[in-house]
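# Examination of the molecular architecture
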Amino acid sequence: MKCNEKNMIAFATSSTPVDREGWLNKRGEVNRGYQRRWFVLKGNILFYFDRRGDKEPVGMIVLEGCTIELAEDEEQFGFKIVFHGPNNRSYILGAESQESMEQWMKALACASYDYMKLMVAELQRQLDAAEEETTVTPPAELPKPPPRQRHNPFNRPESHHRSQSVRSAPGRTENIPRTKVSFKDIHNMYGRKILADLNKWRHAKRNSEAPLIIL
């Protein structure tokens, strides 16, 4: 159909991102011949121009309520946009290669608003399923370590370890504090005893000739 609305013309030539563009052969509705047109897909609207870079499209197709199908009886790499219902026409287009045809058919099939709603619903369903799977239920009770079967000699009570490492010297009590004794004190303590024993021995010798045995 012819496009005369100023707002649609402005949208067709605006800087809005293009989903796909390129040359396609379009079959005419009256003469049934094919004409080479420059097609631009923006959202769910397919514009076509006489030449690339034109300021105004010669027509547009709103991609709602239609299906994209192969045109097997037409020229090679042909496909069609089919609007279902009474008095609805079909647009038959031809691409330059198999790859171009497949890319155009995929882009046109995904352009409708109904398709986008289905995709959003499906993505929401997958997101809800992923959130349910990632919900981790903590365990009711943490596992306990197995009992130790072997005796560790280093695991001794502190009091027992202290009693084995600190021993008292023979003949003394741990509760008696140690005192520092000088050499002079030791000399006086034992020297007096020796002098007393020596004097006893001299006195006994003078009184008796028999030797005195000091035990």
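Our subject is the structure listed above.
Criteria and thresholds
- Residues numbered from 1 in each chain as written.
- Predicted model: local features only at pLDDT ≥ 70, side-chain atom pairs only at ≥ 80, totals over all residues.
- Heavy atoms only, no water.
- Helix = DSSP H or I, 4+ residues; strand = E, 2+ residues; numbered from the N terminus.
- Polar contact = N/O pair within 3.5 Å; in protein donor to acceptor, adjacent residues only side chain to side chain.
- Contact = heavy atoms within 4.5 Å.
- Salt bridge = Lys/Arg side-chain N within 4 Å of Asp/Glu carboxyl O.
- Core = buried A, V, L, I, M, F, W, Y, C linked by side-chain atoms within 4.5 Å.
- Buried < 20%, exposed > 50% of the residue type's maximum accessible area, 1.4 Å probe, protein only.
- Pairing = 2+ DSSP bridges.
- Axes fitted to C-alpha atoms, helices over the stretch in contact; angles between N-to-C directions.

Locating S112 in the fold gives a position in the loop between helix 2 (98–109) and helix 3 (113–134). Within the structure, S112 has its side chain in polar contact with the backbone nitrogen of Y115 (distance 3.2 Å). Ignoring sequence-local partners within four residues, the contact set of S112 consists of N44, L63 and E64.

With that out of the way, let us pick up the pattern of salt bridges. Applying the stated criterion to the full structure yields five salt bridges. Among the ionic pairs, D50 bridges to R37, the shortest N-O distance being 3.4 Å. On the criterion of sequence distance, the pair formed by D50 in the loop between strand 3 (45–49) and strand 4 (59–62) and R37 in strand 2 (residues 34–42) is long-range, its members being 13 residues apart. Residue R125 pairs with E122 through a salt bridge whose shortest N-O separation is 2.6 Å.

Quick look at the nonpolar core now. Counting residues in each nonpolar core, the largest one holds 20 residues, and the members touching the most others are L46, I61, L63, F79, I81, W104 and L108. Where this core is concerned, the elements lending two or more residues are strand 2, strand 3, strand 6 (78–83), strand 7 (90–94) and helix 2. Per-element accounting of this core gives the leading share, four residues, to helix 2. The contacts of I81, once residues within four sequence positions are left out, are L46, I61, L63, C66, T67, I68, R89, S90, Y91, L93 and L108. Grouped together as the second largest cluster of nonpolar side chains are eight residues, M8, A12, W38 and F49 included.

A separate point is the sheet that holds strand 4. On the basis of which strands lie adjacent, the open sheet formed by seven strands has the order 4-3-2-1-7-6-5 and antiparallel pairing. Both edges of this open sheet fall to strand 4 and strand 5 (66–70), since each of them pairs with a single strand only. Strand after strand, the sheet turns through a mean of 35° between neighbouring axes, direction not considered. As paired elements, strand 3 and strand 4 share four bridges and run antiparallel to each other. Paired with F47 across the two strands is M60, which belongs to strand 4. Strands strand 1 (20–27), strand 2, strand 3, strand 5 and strand 6 of the sheet are contacted by helix 2, whose axis makes an angle of about 100° with strand 1.

Examined against the element boundaries, R52 turns out to sit in the loop between strand 3 and strand 4. Given the relative accessible area of 57%, R52 is considered exposed. On a C-alpha basis, the gap between R52 and R37 in space is 8.3 Å, while along the polypeptide they are 15 residues apart. Beyond its immediate sequence surroundings of up to four residues, R52 is in contact with W23 and W38.

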